[in-house]
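Structural description and commentary
Now for the letters of each chain:
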Amino acid sequence: MLAGFRSLVRKATSLFDSDESRQLPLEIPRDQHTFSRKNISPNALKVLYRLNEAGFDAYLVGGCIRDHLIGIEPKDFDVVTNATPEEAHALFSNSRLIGRRFKLVHVTYGREIIEVSTFRANTAAQQPAEPEQQKSLKNKDTARSSHGIILRDNVYGSIEEDAERRDFSFNALYYNIADFSINDYCGGLADIEKRQIRIIGDPRQRYQEDPVRMLRAIRFAAKLNFSIEAETAAPIKEMAHLLDHIPPARLFEEVLKLLGSGNGVETFKLLREYGLFKYLFPDTDALLKSGWQRKDIDPEAFIMQGLLNTDERIQSGRSTAPYFLYAILLWPSVALRHEEFEKQGLPELPALHQAATMVLDNQVAATAIPRRFSTPMREIWDLQFRLPKRYGKRAFTLLQHPRFRAAYDFLLIREQSGTNLGGLGEWWSNFQQAPENQQRDLINKADERKADDAPKAKRRRPRRRRSSNAKRSQEQ
């Protein structure tokens, strides 16, 4: 596949050698590329054909074409058309209109969703910024904030204009269902050959329009093992602060894409290198920069080990819960705050609950965390203090806890990152696999109150009571 792609790119880039063929777009006919209908989701094909049969232009766009050409199996199939969202919605009974910032149509086939968007015009740059006090966007097709961030963009145009509105050059590749050609409007094929990420247009303007594009550049660099082209990378550190103006709910979704897609370790390194991590996890970033650690936790080693385990899990085809990822990234801050509250005199568990509340309150100002995720995170942290207490019936009770497995995996990450827990992880591994009689033996061995070598408390000699007759004689 890659050999065929390199041949395709050589043919495409050779067109630039002649003056008469120097201009984009490039149209690569079906017999000169390897992307075919066999590589496309059957449901995406249904959407493409129905749009085309209804008289509309219909294209696959972006990631699915890019990934195929690189040698990655395409998973997401996005469709773009000259049909308006309302016209596309009317064609599919299994669809719904979504979005205000960008109006889209989602066509649902069981668990698979095919996203359909309309060609957008490049008019946002000419729109005046919205005053801070003007909050309503009702009846507006396009609008920008006082910081230049696009708030709404529902002005439609041609495919050429739509390509200019895409973020990176390799995402401006279009597959035409009418003649099966690939159309390259912004030099994406050449950038794939160079293994580089290049933003379309002026980087500063494009990041100002949507600061999340900086995060997307990092995500693609980690996912594809591409370098970020120099001009594309240059403004990122300077403009990273614009992420403060992105809604926390949107940044929460971006974090899951960044660190929960199987390339978390490399993504984490790049986010810190380009100064973006502190706008996603401000407390964690400040703690890492301070160099704080103690004998039972090395924050950076713990986070790296957690991301490594998560990457391996995802790459092996297993899923991971968003709350587990967040629990890893925030645990060092919880440990620090817990230490501070204990020094103030709070008992162990109340100090933990106070620490968790403080850390989560600080975090939701940067990235929103739904309650359905924050509650399991608290349970995982709480169980780190309960798992060492295995005597009596407690071990059996903990084993039935709905968050036991996640807390156990979390415990193993702590040990793997260098924390000495006295073989606690191995004990729980053995306990889960042992039959009941052996489980009770493990509990007895772990119970310090029954251990043979445990120091026995010295019994006080009972005080000898004087008889009542002696007491009376003294009184007389």
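Residues numbered from 1 in each chain as written. Predicted model: local features only at pLDDT ≥ 70, side-chain atom pairs only at ≥ 80, totals over all residues. Heavy atoms only, no water.

**Some remarks on the environment of Ser316**
Operational definition: Strands here are runs of E lasting at least two residues and helices are runs of H or I lasting at least four, both read from the DSSP assignment and numbered beginning at the N terminus.
Within the fold, Ser316 resides in the loop between helix H14 (299–315) and helix H15 (322–343). Sequence spacing of Ser316 and Gly262 is 54 residues, and the spatial spacing of their C-alpha atoms is 9.3 Å.

**What to know about the pattern of salt bridges**
We apply this condition: Throughout this description, the term salt bridge denotes a Lys or Arg side-chain nitrogen within 4 Å of a carboxyl oxygen of Asp or Glu. Relative accessibility under 20% of the residue-type maximum defines a buried residue, over 50% an exposed one, and the middle range a partly exposed one, all with a 1.4 Å probe and only protein chains included.
Per the stated rule, a full pass over the model turns up 22 salt bridges. Among the ionic pairs, Lys223 bridges to Asp67, the shortest N-O distance being 3.5 Å. With Lys223 in helix H8 (residues 212–224) and Asp67 in helix H3 (residues 63–70), this pair connects stretches of sequence that are 156 residues apart. Accessibility expressed as a relative area gives 32% for Lys223, which makes it partly exposed. One salt bridge connects Arg204 with Glu238, and the closest N-O pair in it is separated by 3.0 Å. Of this pair, Arg204 sits in helix H7 (residues 203–209) while Glu238 sits in helix H10 (residues 236–239), placing them 34 residues apart in sequence. Residues joined in a network through salt bridges with shared partners are Arg294, Asp296, Glu339 and Lys343.

**Quick look at unusual backbone geometry**
Phi is mostly negative for residues that are not glycine, and the peptide bonds are mostly trans. With phi around 55 degrees, Arg195 is a residue other than glycine that occupies positive phi space. On the secondary structure map, Arg195 appears in the loop between helix H6 (188–194) and strand E11 (196–197).

**Some thoughts on the pairing of strand E9 (residues 173–176)**
Short version of the rule: DSSP calls a pair of strands paired once it identifies at least 2 bridges connecting them.
Residues Leu173 and Tyr175 point to one face of E9 and Tyr174 and Asn176 to the other, with burial holding for every one of them. Of the pairings in the sheet, the one linking strand E2 (residues 58–61) to E9 comprises 3 bridges and is antiparallel in character. By the bridge assignment, Tyr59 is partnered in E9 with Asn176. Pairing of E9 with strand E10 (residues 182–184) involves 3 bridges; the strand directions are antiparallel. Bridge pairing in E10 places Tyr174 opposite Asn183. Counting the residues that bridge the hairpin from E9 to E10 gives 5 residues, and of these Phe180 lies at a positive phi of roughly 65 degrees.

**A closer look at the packing of helix H13 (residues 282–290) against H15**
Where we set the bar: Helix axes use the C-alpha atoms of the stretch in contact, all axes being lines fitted to C-alpha atoms, and the angles between their N-to-C directions lie in the range 0 to 180 degrees. For this classification, under 35 degrees means roughly parallel, over 145 means roughly antiparallel, 65 to 115 means roughly perpendicular, and everything else is oblique. For a crossing to be left-handed, the near helix must be turned anticlockwise from the far one by less than a right angle; the clockwise case is right-handed. The contact criterion used is simple: two residues touch if any of their non-hydrogen atoms lie within 4.5 Å. Three categories are distinguished: nonpolar for Ala, Val, Leu, Ile, Met, Phe, Trp, Tyr, Cys and Pro, charged for Asp, Glu, Lys and Arg, and polar for the others, with Gly belonging to the last.
With their axes 9 Å apart at the nearest point, H13 and H15 run at an angle of 70 degrees to one another. Classed by the angle they form, the pair H13 and H15 counts as roughly perpendicular. Once H13 is placed against H15, the crossing between them reads as left-handed. Listed contacts from H15 to Asp283, Thr284 and Leu287 of H13 are Leu329, Leu330, Pro332, Ser333, Leu336 and Arg337. When grouped by side-chain class, the residues that make up the contact of H13 with H15 number 5 nonpolar, 2 polar and 2 charged.

**Points about the environment of Glu238**
Where we set the bar: Throughout this description, a polar contact denotes any pair of N or O atoms lying within 3.5 Å of each other; where both atoms belong to protein, one of them has to be capable of donating a hydrogen while the other can accept it, and for residues adjacent in sequence the pair is counted only when both atoms sit in side chains.
Assessed through its relative accessible area of 48%, Glu238 is described here as partly exposed. For the pair formed by Glu238 and Gly275, sequence separation is 37 residues and the distance between their alpha carbons is 8.7 Å. In terms of polar contacts, Glu238 uses its side chain to reach the side chain of Arg204, at 3.0 Å.

Remember that the coordinates give geometry; whether it matters functionally is a separate question.
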